[in-house]
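Close look at the chain arrangement
Each chain, letter by letter, is given below.
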Amino acid sequence: MLPDILQPLFSDCAASIVNQPASAESASAPIDQQLVARLFARSERLGAADFLLREVAQRMHERLDLLRLQPQDILDAGAGLGLDALQLLERWPQARALALDLAPQRLSQGRRLLAQQKQAAQSTLGRVFGRWLGGARDDDPLIRVAGDYAALPLRPASLDFLWSNLALHWHARPHRVFMEWRRVLRAQGVLMFSCFGPDSLRQLRSAFEYAGLGQARVLPFVDMHDLGDMLLAAGFADPVLDMEMLTLRWRDPQQMLEEVRALGGNPLANRARGLCGRQAWQRMLQALPRDAEGHYQMQIEIVYGHAFCPQPKTGGTGESVLHFMPRPRS
């Protein structure tokens, strides 16, 4: 039986906008959502990028420490293996957690990994160190659902907290995503997310352009200020956004490119087809920046954001709602 948080809209999950074409006026980039799902289904390629997901998740948790929250229903949008959702349950063990991802293969892989951890916890050392192995729970504590995070299978005002780590930039319509996230959050609910900013992978983009290979080989990312405008337009209150640049270094350019692909690949509908020539590829590699020690460098701009779902200004029948707080006595 489906949890009550899912039942009202679960049958309408097929109404996702995944298969709708991205129009130029509404899309941040011509992203093919079906291709996104296929790219993230390749679990063997994605493991190399897990270090970045874990690092950004930790930095998001540091920001979360500044907020006083005790949510009952939480969603990890773009959950992948569900590791972030499990970590949120460690913070709020009383909560119910939904892990949603566009690629069902990633969710299944996460369930298998959790089962393997529990098997390890059955050993003598596992029973002693079970809380570090993640085997303290008898069953999978997550509700894992495959779906589009711009068309959630959730009833309105069903969540207290919505978390999304490095997932928003893979969607063609972030403004629609924000509108949907606003719909499912309760009054005083909190949204916290991270995504890539427009200066991410700019060294790689410049190298491709230098080699004459700049035909949509690197995904464009939305500016932080535009994301803030989208949050306000979607009805969120008090949005706070900031960014930081992370510099990654590699000795081997091929390993660098493999790990960049592991971040999700190129889901652009207008991406270049076919292979490039050997000479052009060598020119691209030669154009990649290197530091004084000979390491290849790549910068990732991480945008962090959080916002609140305001109290409704009108009631269910359309009447205005005024929130009155008496002045404290001196």
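Here, the structure is the one placed above.
Notes on the structure follow.

**Focus: the sheet that holds strand S5 (residues 185-196)**
Reading across from one edge, S3-S2-S1-S4-S5-S7-S6 is the order of the seven strands in this open sheet, with mixed pairing throughout. Whereas interior strands pair on both sides, the edge strands pair on one side only; in this sheet they are strand S3 (142-146) and strand S6 (237-250). In this sheet, neighbouring strand axes are inclined to one another by 15 degrees on average, regardless of whether the strands run parallel or antiparallel. Alignment of S5 against strand S7 (residues 296-308), held across seven bridges, turns out to be antiparallel.

**Section: the nonpolar core**
One finds Phe161, Phe178, Trp181, Leu204 and Met284 to be the most contacted residues of the largest nonpolar core, which totals 97 residues. Excluding residues within four positions of it along the chain, leucine 204 makes contact with Val218, Leu257, Val260, Met284, Leu288 and Met298.

**Focus on the pattern of salt bridges**
Applying the stated criterion across every chain yields a total of 14 salt bridges. Counted as one network, the salt bridges with shared partners bring together Asp73, Arg96, Asp160 and Arg186.

**Some points on the pairing of strand S4 (residues 159-165)**
In terms of burial, S4 is a largely internal element, six of the seven residues being buried. In this structure, S4 lies alongside S5, joined through six bridges in parallel fashion. If you follow phenylalanine 161 over to S5, its bridge partner there is valine 190. Regarding the hand of the β-α-β motif, the stretch spanning S4, helix H9 (residues 174-184) and S5 is right-handed.

Conventions used here
The residue numbering used here restarts from 1 in each chain and proceeds along that chain's sequence as written. In keeping with the predicted nature of the model, local features appear solely for residues at pLDDT of at least 70, side-chain atom pairs appear and are counted solely at 80 or more, and the whole-chain, interface and lining totals rest on all residues. No hydrogens and no water enter the side-chain calculation; it runs on all heavy atoms of the structure. Strand pairing requires that DSSP identify at least two bridges connecting the strands. Elements are defined by DSSP. Helices are runs of H or I of four residues or more, strands are runs of E of two residues or more, and each kind is numbered from the N terminus. Between N-to-C directions, angles span 0 to 180 degrees; the directions come from axes that are lines fitted to C-alpha atoms, helices contributing only their stretch in contact. Take the buried residues of types Ala, Val, Leu, Ile, Met, Phe, Trp, Tyr and Cys, join any two whose side-chain atoms come within 4.5 Å, and each joined set is a nonpolar core. A 1.4 Å probe rolled over the protein chains alone gives each residue an accessible area, and that area as a share of the maximum for its type sets the label: buried under 20%, exposed over 50%, partly exposed in between. We call two residues in contact whenever any of their non-hydrogen atoms come within 4.5 Å of each other. Salt bridges are defined by distance alone: a side-chain nitrogen of Lys or Arg within 4 Å of a carboxyl oxygen of Asp or Glu. The path from the first strand over the helix to the second decides the hand: if it runs clockwise while the strands point away from the viewer, the crossover is right-handed.

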